[in-house]
Every structure is written in structure tokens, then in C-alpha cells.
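Coordinate analysis (summary)
Below are the chains, spelled out letter by letter.
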Amino acid sequence: MAPVAPSACDADTLVVGGGPAGLSAALCLARYNRRVLVFDTGHGRSTHHQVNRNYLGFPGGIPTVELRELGRAQLAGYPQARVVHHAVLHAEGDAERGFTVHAQSGSWTGRTLIIATGVLDHFPHFHGWESCVGRSMFWCIACDGYENRGKRILVVGHTDATAAEALQMHSLSDDIQLLTNSRTDEIGSRCRERLEAAGIPVLHDRIRSVEGEDGMLHTVVTRGGQHLKADSLFSIQGATPEIALARALGLRLAPSGHIAVDTEQKTSAEGVYAAGDVSSLHSHQVSAAVHEGSQAASAANYFLYPAGLKAG
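Residues numbered from 1 in each chain as written. Predicted model: local features only at pLDDT ≥ 70, side-chain atom pairs only at ≥ 80, totals over all residues. Heavy atoms only, no water.

The protein goes by NAD(P)/FAD-dependent oxidoreductase in an unreviewed UniProt entry, where it is assigned to Streptomyces lutosisoli. Taken from UniProt, the Catalytic activity (unreviewed entry) comment for the protein reads in full: "[thioredoxin]-dithiol + NADP(+) = [thioredoxin]-disulfide + NADPH + H(+)". (UniProt positions renumbered as here; feature names shortened; annotations may be inferred.)

1. Topic: the layout of surface pockets
When its volume is computed, the largest pocket comes out at roughly 1100 Å³. His-43, Gly-44, Arg-45, Thr-117 and Val-119 are, among the 48 residues lining the largest pocket, the residues nearest its centre. Mapped by element, the contributors of at least two residues to the lining of the largest pocket are α1 (20-31), β3 (51-52), α2 (64-75), β9 (119-121), α3 (129-132), α7 (244-249) and α8 (286-304). Broken down by class, the residue content of the lining of the largest pocket amounts to 21 nonpolar, 20 polar and 7 charged. The computed volume of the second largest pocket comes to approximately 670 Å³. Within the residue set of the lining of the second largest pocket, elements represented by two or more residues are β9, α4 (141-144) and α5 (160-169). When the residues that make up the lining of the second largest pocket are grouped by side-chain class, the tally is 10 nonpolar, 11 polar and 3 charged. (1 Å grid on protein atoms, 1.4 Å probe; cavity = no way out; pocket = protein on both sides within 12 Å on 5 of 7 lines; lining within 4 Å. Points joined across faces, edges and corners; volume = space filled by probe spheres on them. Helix = DSSP H or I, 4+ residues; strand = E, 2+ residues; numbered from the N terminus. Nonpolar A, V, L, I, M, F, W, Y, C, P; charged D, E, K, R; others polar.)

2. Focus on the pattern of salt bridges
A complete count under the given rule lists 11 salt bridges for this structure. Taking the shortest distance from any N to any O, the salt bridge between Asp-121 and Arg-45 comes out at 2.6 Å. Highlighted residues: Asp-121 in strand β9 and Arg-45 in the loop between β2 (36-39) and β3, separated in sequence by 76 residues. Put simply, Lys-266 and Glu-264 hold a salt bridge, and the shortest N to O gap is 3.2 Å. Salt bridges sharing partners connect three or more residues here, namely Asp-12, Arg-35 and Arg-111. (Salt bridge = Lys/Arg side-chain N within 4 Å of Asp/Glu carboxyl O.)

3. So, the pairing of strand β11 (residues 153-156)
Every second residue of β11 is oriented toward a common face, with Ile-153 and Val-155 on one face and Leu-154 and Val-156 on the other, all of them buried. As judged from the 4 bridges shared by β11 and strand β12 (residues 176-179), these two strands associate in the parallel manner. When the sheet's bridge partners are listed, Val-155 is paired in β12 with Leu-178. Handedness of the β11-α5-β12 crossover: right-handed. Of the strand pairs in this sheet, β11 and strand β17 (residues 232-235) are connected by 4 bridges, and their pairing is parallel. Its bridge partner being in β17, Val-155 is matched across the sheet by Phe-234. (Buried < 20%, exposed > 50% of the residue type's maximum accessible area, 1.4 Å probe, protein only. Pairing = 2+ DSSP bridges. Right-handed = clockwise from strand over helix to strand, strands pointing away.)

4. A look at the UniProt feature "domain: FAD/NAD(P)-binding" (unreviewed entry) in the protein
When the UniProt feature table is mapped onto this chain, "domain: FAD/NAD(P)-binding" (unreviewed entry) is found at residues 12-293. In the segment residues 12-293, helix accounts for 23% and strand for 28%; the C-alpha atoms at its two ends are 16 Å apart.

5. Structural notes on the packing of α5 against helix α6 (residues 189-198)
Two elements in contact, α5 and α6, have axes separated by 10 Å at closest approach and are oriented at 25 degrees. The angle between α5 and α6 falls in the class roughly parallel. Crossing geometry of α5 relative to α6 is assigned as left-handed. Touching Asp-160, Ala-163, Ala-166 and Leu-167 of α5 are Cys-191, Arg-194, Leu-195 and Ala-198, all from α6. In terms of residue class, the contact of α5 with α6 is made up of 6 nonpolar, no polar and 2 charged. (Axes fitted to C-alpha atoms, helices over the stretch in contact; angles between N-to-C directions. Parallel < 35°, antiparallel > 145°, perpendicular 65-115°, else oblique. Left-handed = near helix turned anticlockwise from the far one by under 90°. Contact = heavy atoms within 4.5 Å.)

6. Notes on the sheet that holds β17
Sheet architecture is open: 5 strands sit in the order β10-β17-β11-β12-β13, paired in parallel fashion. Each of the sheet's edge strands pairs with one partner strand only, and the pair in question is β10 (137-138) and β13 (202-203).

7. Points about the side chain of Ser-182
Along the chain, Ser-182 falls in the loop between β12 and α6. Ser-182 sits in the buried class, given a relative accessible area of 14%. For Ser-182, the side chain forms a polar contact with the main-chain nitrogen of Thr-184, separated by 3.1 Å. Not counting the four nearest positions on each side in its chain, Ser-182 is found in contact with His-158, His-204, Asp-205 and Arg-206. (Polar contact = N/O pair within 3.5 Å; in protein donor to acceptor, adjacent residues only side chain to side chain.)

8. Points about the packing of aromatic side chains
What describes a pair of aromatic rings is the distance from one ring centre to the other and the angle between the planes of the rings. A complete count under the given rule lists 5 aromatic pairs for this structure. Centroid distance Tyr-55 to Phe-58: 6.0 Å. Interplanar angle 20 degrees. Geometry classified as stacked. A ring pair is formed by Phe-123 and Trp-129, whose centres lie 6.1 Å apart and whose planes are at 35 degrees; its orientation type is tilted. Positioned above the aromatic ring of Tyr-305, the side-chain terminus of Arg-34 is 5.1 Å from the ring centre. For Arg-45, the ring lying beneath its charged end belongs to Trp-139, and the centroid distance is 3.6 Å. (Phe/Tyr/Trp six-rings, centres within 6.5 Å; stacked < 30°, edge-to-face > 60°. Lys NZ or Arg CZ within 6 Å of the ring centre and 35° of its normal.)

Here it is as C-alpha cells:
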């Protein structure tokens, strides 16, 4: 199918999501001199208090909020790229007619679409939980495990994946506890034996409250009345990919529920790409998101070229 005429659309590419993946995609497209619209709600993993310490080029790390700000400032140097603060509620269209995204305040059209909507983390909810995220409550051993070595660590979750994380944490600290924080305890006998051998207790209880200040917890109080001393909490309760737009467009999903993509971030629909955590079961890192956003942008840019400029 031939792509829709450029003059008929508000942008060459609509990018839904203003995190590292979306901003990386927009920057690359802008440098191809493409018209880009980025839709950013100001929510997501990169809006927490997290400090990213494993992204090359930032000795000492950089707060992800600051990284977003730098990305937007970098993008602002390209007049053909624009960030709008609207929540996209629906998407429709195809490569022949173009794509339309709808928000409460209006609709916009584009010749291609990049979905970088991320995931929704299932953090434990207690009074003041949001202030703890990125300070003393985390979700990723690769991102924050190193800074918590030698500390009192509470791993929260009720599955074998939680048990595996607790066992991996044992290489960083000898003071590890596991709290299911669930009505059910689905940790299998094999993992339970390994936890016992490592000296990691399993508590089948739920969080009632947390004691601490300024986002730094020091005690987790359970509904059963236990007071668990902890310097940090690692939530292994899972995350749900934000795939509403993918469903609306009928995109193929991976068994994990993420958007299925190929090595160029192409989805099952021509002209639609996905990047970042919404398309990745593993490697939920800023570095991976930036790479995938760039890859999606390059694929979208190539798609936008007329047939005479394409090899073969």
C-alpha cells in the first residue's frame, strides 16, 4: 500500500509516549527532517524519583525526570518536532489512509505511528507509597540493586519470579526477607527450598502501612502485626503493558502481553512501530528504550520514503 500524502496529515509520525523511547524516536525523526508530534501525559516510570546510574555518559547517574527534561530541551531545537500534553485515548487507521489518534481535546493525524506507552507497575499501595518509588522502593535489580548492597532488603511478591529475585539479591546483601503481600502464596516447593537454604525467610502476609519519612522507609508493618525492618523494598508484583492503542489497531501481541515487534520495532501493522517497555518483556532499561526508539524511528523514516528512494 502507498502511504498517504504528507499534506493530508498533521505529522509524518505520531509518537505516543514521552519517556526515553518516545523522545529518542522523536529526536531521530526530527533529524531526518520529519514532522513529529509527541504525546506526553507526564506519567510513567521515568517520572518517578529514580536515579539512573547505568546509562553511559552520566558519571554518578542522572535522575530520570532530569533525563526527560534534557530530552525535551534537545528536541526543542527542531521546529518540525512538537510535544503536546494530551492523553491519547484511541487510535485508528492504516498505512494507506494514515493514522488518527484521539484525545479528549481533539484528534491528530499522521502517516506513521510509534507506540511508546510503557507499562503500569503494580507497586504495593500504602499511604505515601508514591514518594518512596525510586528512593527506597524499586522494581529492578539491574537498575538499583548495586546501591542497596549490604542493606536490609524486603522483596515483595508471591510467585517464583519473586523468589528468584530474592535469591539474586542475596549476592548483594545477607539481610533479605520475602513478603508475599497477597492472598495467595504461589511460590513452588523448589524455589522455597532454595530460599530456605539461602536463609531467606518467607512471610505470607500483606502490607498494612510503612513507617519512614521523606520517601525513605525503615519499617514495614503487616496486617498480621509484624514489624519488618527494611532499608529498601523491591516490588516484584509485575507490570501490565499499556496496550490499549495496540488492541484498537488489532496489533499482534506476544504471549507475555507486550506488543510483538521484529528487530526493527515493526509491529504486525504496516506503518506502526512500538518501542520501550511496552514491547519488551526483559531489558526494561533506559539504554534499551533509547535504542528501541531510535530503531523504530529509522524504520518509520525508511517507510516514509517514496518507492524510488528505497533499495531494491
